[in-house]
Amino acid sequence: MTQKRKLRQELIGQVVKSQTKTISVQVYRSHKEKKYGKYIRKKIIFKAHDEKNTSKVGDKVRIFETRPISKTKRWKLAEVLEQGDRS
């Protein structure tokens, strides 16, 4: 009997920090506040693995969930969607 792999979660965010083979991606999420019904925007920073060092600070990227690579990295870079300001 073969097991089916679950669909991997994908997120789109902006690179805020770039190191050797690691990027920090800032993702905004919004949720409705219970009491007043206002939408609150919250930012979360994910560490992602960038094998070829293709992304730079300011780029808009897509990352997907993967097995743990290190203590804090659980995401991998899928593709660079837009290049940021490189000046």
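Whatever comes next refers back to the structure up there.
The following refers to the structure shown. (Residues numbered from 1 in each chain as written. Predicted model: local features only at pLDDT ≥ 70, side-chain atom pairs only at ≥ 80, totals over all residues. Heavy atoms only, no water.)

**Overview of the sheet that holds strand E5 (residues 75-82)**
Item 1. Ordered by their spatial adjacency, five strands build a closed barrel running E1-E2-E3-E5-E4, and the pairing between neighbours is mixed. Recorded for the sheet is a direction-independent mean angle of 45 degrees between the axes of neighbouring strands.
Item 2. When strand E1 (residues 10-19) meets strand E2 (residues 22-32), the two strands line up antiparallel, connected through five bridges. Looking at the pairing, Gln-19 lines up with Thr-22 of E2. (Pairing = 2+ DSSP bridges. Helix = DSSP H or I, 4+ residues; strand = E, 2+ residues; numbered from the N terminus. Axes fitted to C-alpha atoms, helices over the stretch in contact; angles between N-to-C directions.)

**Thoughts on the environment of Ile-69**
Item 1. Mapped onto the fold, Ile-69 is located in the loop between strand E4 (60-65) and E5.
Item 2. The partly exposed category is assigned to Ile-69, whose relative accessible area is 31%.
Item 3. For the pair Ile-69 and Gly-37, spaced 32 residues apart in sequence, the C-alpha to C-alpha distance is 38 Å.
Item 4. Not counting residues up to four positions away in its chain, the partners in contact with Ile-69 are His-49, Trp-75 and Lys-76. (Buried < 20%, exposed > 50% of the residue type's maximum accessible area, 1.4 Å probe, protein only. Contact = heavy atoms within 4.5 Å.)

Functional significance is not addressed by these values, which are geometric in nature.
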